[in-house]
Amino acid sequence: MGSATADVADVTDKRLLRGARTRKTVLKRAVDIASLDGLEGVSFGRLATDTGHSKAGIQTLFKTKEALQLAVIDFAREMFIDNVVRPARSAPRGVARLRALLDEWVVYASTPLFAGGCFRAANLAEFDGKTGPVHDALFRDQQEWLEVIAGELRHAIVNGEIADLDVELAVFQIDAVLCAANTALRLGDDSAVSKVRRIVEGLLTAPQ
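Quick caveat: nothing in here was measured; it's all calculated off a predicted structure.

Caption draft 1: Structural detail: the packing of helix α7 (residues 133–158) against helix α8 (residues 167–186). Put simply, α7 and α8 touch, their axes get as near as 9 Å, and they point 125 degrees apart. Our classification of the angle between α7 and α8 gives oblique. The element α7 and its partner α8 pack so that their crossing is right-handed. Between α7 and α8, the residues in contact are Gln 142, Trp 145, Leu 146, Ile 149, Ala 150, Leu 153, Arg 154 and Ile 157 and Val 167, Ala 170, Val 171, Ile 174, Asp 175 and Leu 178, respectively. Each residue belonging to the contact of α7 with α8 can be placed in one class, and the counts come to eleven nonpolar, one polar and two charged.

Below, the structure is given as structure tokens:
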């Protein structure tokens, strides 16, 4: 027979495992809702209805709506890294990796990874005029992505792959093009992909 301590530990482990599974199920649904209706559209009641879990159980996991929204942002960020940033790391740094990032982003937005397309595009506009932890988390996520692009541009310049350029301006242009492409793709305009490629390639001119 197992000891009482072992039995308690086993029960605790099973509860933690169930909680982790429930959390993942809820967040998977929540990122899709947020990509379609924004983070304000994410609620305990809606998630309970959509996932079949109890509203009280979901509230126990996340406590407050703000905590839930922050968890959704983190979950979406990890999904984006796993599906866009990490796969591109197999390419050499500089122009090759920048093109790989673009290729992975196209798959991310076209498939799409989230039901409503780009998670960031769906939520930044909703919180850009607000203050607080949710705004700050979205802003940090956006800045991390832009810095990934900037880092590859700087590497390409230093190594003579492309002509010197204003990196901040180039990053702004690339981000603007990707946001526009996301909208176009949601409207069924598949030509947006080739337009993105042409515009980005226009920035990657070889040094004279």
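Caption draft 2: Quick peek at the nonpolar core. In terms of nonpolar packing, the biggest core is built from 64 residues, with Leu 39, Val 72, Trp 105, Tyr 108, Phe 119, Trp 145 and Leu 153 touching the most fellow members. Residue contributions to this core peak at eleven residues, all from helix α4 (residues 65–88).

Caption draft 3: Here's a closer look at the pattern of salt bridges. Taken as a whole and judged by the stated rule, the model has 15 salt bridges. Linking Arg 46 and Asp 50 is a salt bridge whose minimum nitrogen-to-oxygen distance equals 4.0 Å. Within this pair, Arg 46 and its partner Asp 50 are both found in helix α2 (residues 44–51), separated by four residues, close to a single helical turn. The salt bridge involving Arg 77 is made with Glu 144; its shortest N-O contact spans 2.7 Å. Here Glu 144 lies in helix α7 and Arg 77 lies in helix α4, a separation of 67 residues in the sequence. One connected set of salt bridges, linked through shared partners, spans Arg 29, Asp 37, Arg 46 and Asp 50.

Reading guide: rules and limits
Starting from 1, residues in each chain are numbered consecutively following that chain's sequence as written. Per-residue local features of the predicted model are confined to residues with pLDDT of at least 70, and side-chain atom pairs are confined, for both listing and counting, to 80 or more; whole-chain, interface and lining totals are unaffected and use all residues. Side-chain numbers here rest on the full set of heavy atoms in the structure, without hydrogens or water. Axes here refer to lines fitted to C-alpha atoms; in helices the fit is confined to the stretch in contact. Angles between the N-to-C directions go from 0 to 180 degrees. The numbering of helices and of strands both runs from the N terminus, where a helix is a DSSP run of H or I of at least 4 residues and a strand a run of E of at least 2. Oblique is the label for every angle not falling under 35 degrees (roughly parallel), over 145 degrees (roughly antiparallel), or within 65 to 115 degrees (roughly perpendicular). Note: crossing handedness is left-handed where the near helix turns anticlockwise from the far helix by less than a right angle, and right-handed where it turns clockwise. In this analysis, two residues are considered to be in contact whenever any of their non-hydrogen atoms come within 4.5 Å of each other. Lys, Arg, Asp and Glu make up the charged group, whereas Ala, Val, Leu, Ile, Met, Phe, Trp, Tyr, Cys and Pro make up the nonpolar group; the residues left over, Gly among them, are polar. By nonpolar core is meant a set of buried Ala, Val, Leu, Ile, Met, Phe, Trp, Tyr and Cys residues that side-chain atoms within 4.5 Å join together. Only protein chains enter the accessibility calculation, which uses a 1.4 Å probe; a residue is then buried when its area is under 20% of its type maximum, exposed when over 50%, and partly exposed in between. Here, a salt bridge means any side-chain nitrogen of Lys or Arg that lies within 4 Å of a carboxyl oxygen of Asp or Glu.

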